[in-house]
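Each chain, written out:
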Amino acid sequence: MDSWTVLGSDTPSTLRAQVDSAGTLRADLAQDVLGWHRDAPGWCRGDACIPRFRTADLETDDGLDVVRFAALAGLVAAVDVPTRTLATTSDAGTRARELTGATAAELTLPTLDGTPFALSGLRGTKVALVFWASWCGCRYDLPAWQERHADQADQNFTVVTIALDAKPADSAPWHAEAHTTHPALVDVDGVAADAFDIVNVPTVVWLDEEGRLVRPQDSQTATDTFRDWNHLSAEASGEALRRWVRDGDAGLTPEQVREHLRLPSADDQRARAETRLAAWLADHDQGDAAERHFAAAAAAAPHNVALRRGAMPRRGVDPFGEEYFALASELAEAGIPLHRPLPTGADE
């Protein structure tokens, strides 16, 4: 069998596998597969087991059907046979259960210098997670987000910015220019964007002191620099933030949070798996293979601007150029809005 590279949420691993005569990727049974090992009850990981009767038709003398097994394990798998590379992410059902759970996902992301930073360490504090990117005009809002952070830091509140960039060096100059002191994280592998179903930037998520999501995926700006383009009001978002931090009014009832919470579809998660695979291939000088999977991601979730525009720098395409404006026009013609501001609670 061949050695395959497996890209999950952690560091890449290897898998002994081969493609059989029917085109099915099959893994050697005598090894861990996607974190699961074969045991008497079935395929197990920790205390959880997938019963043997559920995997019986996935196993042959040639090995275990990896893609169908991934689906049983709550994963979506994207495969590139020529480069022997496989990428996975959580399926839509798993991600929806996590998003609607009592508390937000437990995430650890690197800071600009690579230091791991756990969001759970902010329990007891109100948190505004600000998703942005160096390839977005929202980069010019960093000084204003820092100002909001500093103005209300004495109110048991913090801004946390999360850059959807390929590497920390892409976002570092913008933080240096803004003189930021708030936690500045980089979502290199798209883990946080996946966990909170972020499909464009700028998007802001509010978490209360218990880590509960009290304002989901809200298009917010901190300046009106591009208001003619995005029609978002920085004044409205700033007032809403101050009201939440100082008075505890998030502007949405729990019922409204559930109503406005965007949950991913199967196509969304397929696109994320394809993008994870494509990004790794692009970073390892497999441009043609990467382009195939970037295209597959765009076909699966054409509305996901974060994936499609975020891929442009890796593809050698200007994210502020003609291809981005063509994407924006495509979505406008399809009736898909680029931004989704939520009610502030002040006058709605």
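Attention in this report is confined to the structure presented alongside it. Please read these numbers as outputs of a predicted model, since none were measured by experiment.

## A closer look at the pairing of strand S10 (residues 85–90)
Most of S10 sits out of view: 6 of its 6 residues are buried. Here strand S1 (residues 2–7) pairs with S10 via 3 bridges, running parallel. Paired with leucine 7 across the strands is alanine 87, a residue of S10. Pairing geometry for strand S9 (residues 75–80) and S10, over 6 bridges, is antiparallel. Note on S10: the bridge partner recorded for alanine 78 is alanine 87. Here S9 folds back onto S10, and the loop between the two strands holds 4 residues, one of which, arginine 84, carries a positive phi near 55 degrees.

## A closer look at the pairing of strand S16 (residues 203–207)
Of all 5 residues that make up S16, 5 are buried, and the element is covered over most of its length. Alternating residues of S16 divide into Thr203, Val205 and Leu207 and Val204 and Trp206, and every residue in both groups is buried. Looking at chain direction, strand S13 (residues 126–132) and S16 are connected through 5 bridges and run antiparallel. In the sheet register, valine 127 faces S16, and the bridge partner there is leucine 207. Where S16 lies against strand S17 (residues 213–218), 3 bridges are found, and the strand directions are antiparallel. Residue pairing in the sheet places valine 204 in a bridge with aspartate 218 of S17. From the end of S16 to the start of S17, which pair antiparallel, there are 5 residues, and glycine 211 there has a positive phi angle of about 80 degrees.

## Here's the deal with unusual backbone geometry
Cis geometry marks the peptide bond from valine 201 to proline 202, where omega comes out at 5 degrees. The residue proline 202 is located in the loop between helix H6 (191–195) and S16 in this model. Residues other than glycine seldom take positive phi values, yet leucine 34 does so here, at roughly 55 degrees. Within the secondary structure, leucine 34 is located in the loop between strand S3 (25–27) and strand S4 (37–39). The phi angle at histidine 231 is positive, at roughly 60 degrees, despite the residue not being glycine. Inspection of the secondary structure assignment puts histidine 231 in the loop between helix H7 (227–230) and helix H8 (234–247).

The rules behind the values
Residues numbered from 1 in each chain as written. Predicted model: local features only at pLDDT ≥ 70, side-chain atom pairs only at ≥ 80, totals over all residues. Heavy atoms only, no water. Buried < 20%, exposed > 50% of the residue type's maximum accessible area, 1.4 Å probe, protein only. Helix = DSSP H or I, 4+ residues; strand = E, 2+ residues; numbered from the N terminus. Pairing = 2+ DSSP bridges.

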